[in-house]
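Listed below, chain by chain, are the residues.
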Amino acid sequence: MDSVPSRKVRLESAVSIFLLAVLLLIALAVFIKQFDFDMGRFGMDAAAFGPLLEGLKTGAGEKPSFDFPLPTGFKKLSEIEIYTVENLYEKIDGKAPLYIESGFIKLFTQRFVNQGDDNQWFELFVYDMAAVRNAFSVYSVQKRPDTDPFSAMEFAYTAGNALYFVHGRYYVELVGSLESSSLSGAMAELAEKLAARVDVGEVEKIPELTLFPQENLVPGSAKLYLSNALGFDKLSDTFLCRYEMGEETVSAFLSRRQSPKDARTTAESYYNFLIENGAVVKPTSDATLKTVNGRVLDFYGTTEIIFSTGPFIAGIHEAKNQQSAEKLAARLINRLSEAARMEK
Amino acid sequence: MTDQHNEKIERRQFLIRSAKAAVSVAAAGVISAALYDKQGPKAAVVTESLVTLPDFSVPSIDGQTISIVKGPNRKATVARAVELLGGIERFIAKGDRVAIKPNVAFASSPLLGATTNPELVAEVVRLCYKAGAKKVIVTDNPINDPASCFMLSGIGKAAGGAGAVVVLPKPDHFRHTTLAGGKLIVNWPVFFEPFRKADKLIGIAPLKHHHRSGASMTMKNWYGLLGGRRNVFHQDINTIIAELAVLVKPTLVILDGTEVMVTNGPTGGSVSDLKRADTLIASSDMVAADSYGCTLLGLTASQLPYLAKAQIAGAGTTNYESLKPILADVR
């Protein structure tokens, strides 16, 4: 039979463990609940203002206006509207989360109309995305296929009635009411004037874009997924480019991680994710792939390749032909291995 | 060691300390529970009694629930689609006051397909008057400057030209409602007044990709009836769309898949986002209409969770084929 003091100690220990368990449960509940937040209320504070806002002329009693000249023959159709994380949904409804999750700070919009034809109007959307990577991400994931490049800028294209481009931290859309050459000309003129007038300083480069092999690369096909790339929630900050491999289009992806160890861990997690979702390992005899322990998988009739080298996780996504996939993977491995060596 | 421990803490002290700790934990829990806001931000303080949207539906007829008409001309396809369901007279009686709810969510050009096509709205207005409607109103609740939305989308001019009265939302048009058994629509303001005196309700929606919900069709079109900070519902978009499908019982829905916004929805922005499907669907079962409609986006009904939720809630069927759709081609 236990002595009285030892019973006291056990009781004391039991109560302590119970209290600690309660505290842990509370902490766990708070941890889980914090993921269920309302971005509209608790998103990034729109305290930072960029050079676009600095360029707004706001004299006493005046309504704000952009500090760049309007296209010839056009006048403003509406005043400038400014949206923040709080009310972006009022302007773009269900597309707001795409921007907010990518670092959005502010949206400036204004419409302009042809002085001689009311039917010809366009709307300017300037999204302040806080950083060039964020701006490039929303630009690239929305990029339309079969578009024409707009040569005045590095990341820019026209698509029928619209013109899209990245200017430093800004993602800019010019959307016309019609498909017409005069409207397109006016939008191009405004784009160039805006880029010339709004000083964004020295624009940070996006180094990953130079790491993709150039051979067979579809120009302008790069996309940057800041989160949840390829449907995998642990794959963030991931670039994807398309390649024309014979008659087939193949996609290659890469993501720079914090360290080689992090890259290996993420590659392993992504491999397990695909296996759990029905992927099956395929044999490979590709020598280059073997140098990085690359894995080839059949995923419902398409080939997926995953590997890591240095701080990079990379691979091939949704290739119809294993040979094309391995050929492109080998090029990517060589390119990334070289980059990793240069860094050392 | 045990003796030493007992010398420091007496049983009474231990119990007192334990009780204090338990009270602290309980107090933290009670305070957290008291401060936790289950409803989220409220649009306004509710000081009125709750309202219920009228039931605008008409009796169903076997084999005449959904029609799918192929053709590039919306006037021709909508006329044929309604005719195949028994004619406009099945839905609109002489003297009816009809409310038409197009999607006027954005101040964008009709070229973009982000809003309901104005010619389609005008044609439905004309059909209603042809059936003897006493009054037709066209209304929606875009958050962003409704006047600009109706003007730039071309819907205001087209509807007015066909004889409809365009009703822009005003603060006193909203009343609070609660959906019985609803999780989200609880004491929430809805756009109510324009529909209060209506006898019939027709929803007309463009078929679009939607970044959050996958697709925006006839059920999502009722999102425009929500007042307040309705963006909070984007966190649970599938549930809110399903609840709207239960809340609103329209007479007829029309889904315009003539030009489908296949990417970058719901705003689009470029004609490159559009793809011609030359298809128009009319139905008294909006779940069925949307279940067919999503196939034009390359989706199946099972890929849009709100469709299954709406079916479970009794708003209609995802198995549109079981309704034996009436097919026609007016090309």
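(A) Main features of the overall build of chain A. In terms of regular secondary structure, chain A is built from 10 helices and 15 strands. For chain A, the proportion of its 344 residues judged to be buried stands at 38%.

(B) Representation of the domain arrangement of chain A within the structure. Residue and element names in this part refer to chain A. Each assigned domain of chain A is listed here: domain 1 (42-197) and domain 2 (207-343). Distance between the C-alpha centres of domain 1 and domain 2: 34 Å. Each partner contributes to the interface: domain 1 provides 9 residues, whereas domain 2 provides 7 residues. Considering each element in turn, the side of domain 1 that touches domain 2 owes the most residues, 5 residues, to helix 6 (residues 132-141). Of the residues that constitute the side of domain 1 that touches domain 2, the class distribution is 4 nonpolar, 3 polar and 2 charged.

(C) Looking closely at the interface of chain B and chain A. The interface is formed by 33 residues belonging to chain B together with 35 residues belonging to chain A. Listing elements by their share of the side of chain B that touches chain A, those giving two or more residues are helix 1 (2-8) and helix 2 (11-35) of chain B. For the side of chain B that touches chain A, the element with the highest residue contribution is helix 2 of chain B, accounting for 5 residues.

(D) Spotlight on the pairing of strand 7 (residues 200-210) of chain B. Residues and elements named next belong to chain B. Taken across its 11 residues, strand 7 has 11 buried, putting it largely inside the fold. Both strand 2 (residues 97-102) and strand 7 contribute to a ladder of 5 bridges, which runs parallel. Looking at the pairing, I100 lines up with I202 of strand 7. For strand 7 and strand 9 (residues 252-261), the ladder comprises 6 bridges, and the chain directions are parallel. By the bridge assignment for strand 9, A205 is matched with L255.

(E) The arrangement of unusual backbone geometry in detail. Cis geometry marks the peptide bond from G265(B) to P266(B), where omega comes out at 10°. Looking at where P266(B) falls in the secondary structure, it is placed in the loop between strand 9 and strand 10 (274-283). A positive phi angle, near 55°, is found at N293(A), a position not held by glycine. Here N293(A) is to be found in the loop between helix 9 (287-291) and strand 13 (295-299).

(F) How the structure looks around the nonpolar core. Ranked by size, the top nonpolar core spans 96 residues in total, and within it I100(B), V121(B), V124(B), V125(B), A159(B), A245(B) and I254(B) carry the most contacts. Apart from the residues within four sequence positions on either side, V121(B) is in contact with I100(B), P102(B), T116(B), V138(B), I155(B), A158(B), A159(B) and I204(B). Grouped together as the second largest cluster of nonpolar side chains are 82 residues, A186(A), I306(A), A325(A) and A329(A) included.

(G) Layout of the sheet that holds strand 9 (residues 223-225) of chain A. Residue and element names in this part refer to chain A. On the basis of which strands lie adjacent, the open sheet formed by 7 strands has the order 9-10-11-15-14-13-12 and antiparallel pairing. Each edge of the sheet is formed by a strand with only one pairing partner; in this case those strands are strand 9 and strand 12 (280-281). Bridge analysis of strand 13 against strand 14 (residues 302-309) gives 5 bridges, and the strand direction is antiparallel. Along strand 14, the bridge assignment pairs D298 with T303. The strands that helix 8 (residues 260-276) touches are strand 13, strand 14 and strand 15 (312-319); relative to strand 14, the one it contacts most, it runs at about 160°.

(H) How the structure looks around helix 7 (residues 181-197) of chain A. Residues and elements named next belong to chain A. Spanning 17 residues, helix 7 covers 24 Å between terminal C-alpha atoms, matching the ideal 24 Å at 1.5 Å per step. Looking only at helix 7, the buried set comprises L183, S184, A186, M187, L190, A191, L194 and A195. Within helix 7, the buried residues cover an arc of 165° as seen down the axis, which keeps them to one side. Those residues of helix 7 that are exposed and angled more than 90 degrees off the buried face are S181 and A196.

(I) Spotlight on the pairing of strand 7 (residues 162-167) of chain A. Residue and element names in this part refer to chain A. For strand 7, a buried count of 6 out of 6 residues is recorded, marking the element as mostly surrounded by other parts of the structure. As paired elements, strand 6 (residues 156-159) and strand 7 share 4 bridges and run antiparallel to each other. Within strand 7, the position partnered with A159 by the bridge is A162. Linking strand 6 back to strand 7 in an antiparallel pair, the connection comprises 2 residues, with G160 at a positive phi of about 60°. As judged from the 6 bridges shared by strand 7 and strand 8 (residues 170-176), these two strands associate in the antiparallel manner. Along strand 8, the bridge assignment pairs F165 with V172. Hairpin geometry of strand 7 and strand 8 is characterised by an intervening segment of 2 residues between the two adjacent antiparallel strands and by a positive phi of about 60° at G168.

(J) Focus on the packing of helix 3 (residues 74-84) of chain B against helix 5 (residues 118-130) of chain B. Residue and element names in this part refer to chain B. Axis separation between helix 3 and helix 5 bottoms out at 9 Å; the angle between their running directions is 40°. Taken as axis vectors, helix 3 and helix 5 run oblique relative to one another. Helix 3 and helix 5 meet at a crossing whose hand is right-handed. The segment helix 3 lies against helix 5, with R74, K75, V78, A79 and V82 engaging E119, L120, E123, V124 and L127. Residues belonging to the contact of helix 3 with helix 5 are distributed by class as follows: 6 nonpolar, no polar and 4 charged.

(K) Up close: helix 6 of chain A. All names here are of chain A. Burial of helix 6 is extensive: 8 of the 10 residues sit out of reach of the surface. Within helix 6, burial applies to V132, N134, A135, F136, S137, V138, Y139 and S140. Looking at the packing, one finds that the buried side of helix 6 touches helix 5 (96-100), strand 4 (117-128), strand 7, strand 8 and strand 9.

(L) Up close: the environment of A196(A). Here A196(A) is to be found in helix 7. Taking the C-alpha atoms as reference, A196(A) lies 18 Å from T109(A); in sequence the two are 87 residues apart.

(M) Expanded view of the confidence of the model for chain A. The share of residues in chain A with pLDDT of 70 or more is 90%, and the mean pLDDT across the chain is 88. Contacts for the low-pLDDT stretch residues 39-50 of chain A, under 50 throughout, to residues beyond four places or in other chains number 25 contacts.

Definitions and cut-offs
- Residues numbered from 1 in each chain as written.
- Chains lettered and ligands numbered in written order.
- Predicted model: local features only at pLDDT ≥ 70, side-chain atom pairs only at ≥ 80, totals over all residues.
- Helix = DSSP H or I, 4+ residues; strand = E, 2+ residues; numbered from the N terminus.
- Buried ≥ 20, exposed ≤ 12 C-beta atoms within 10 Å, placed from the backbone.
- Domains from an automatic or database assignment.
- Contact = placed C-beta atoms within 7 Å.
- Nonpolar A, V, L, I, M, F, W, Y, C, P; charged D, E, K, R; others polar.
- Pairing = 2+ DSSP bridges.
- Core = buried A, V, L, I, M, F, W, Y, C linked by C-beta atoms within 7 Å.
- Axes fitted to C-alpha atoms, helices over the stretch in contact; angles between N-to-C directions.
- Expected span 1.5 Å × (residues − 1).
- Arc of directions from axis to C-beta.
- Parallel < 35°, antiparallel > 145°, perpendicular 65-115°, else oblique.
- Left-handed = near helix turned anticlockwise from the far one by under 90°.
- pLDDT = per-residue confidence, 0-100.

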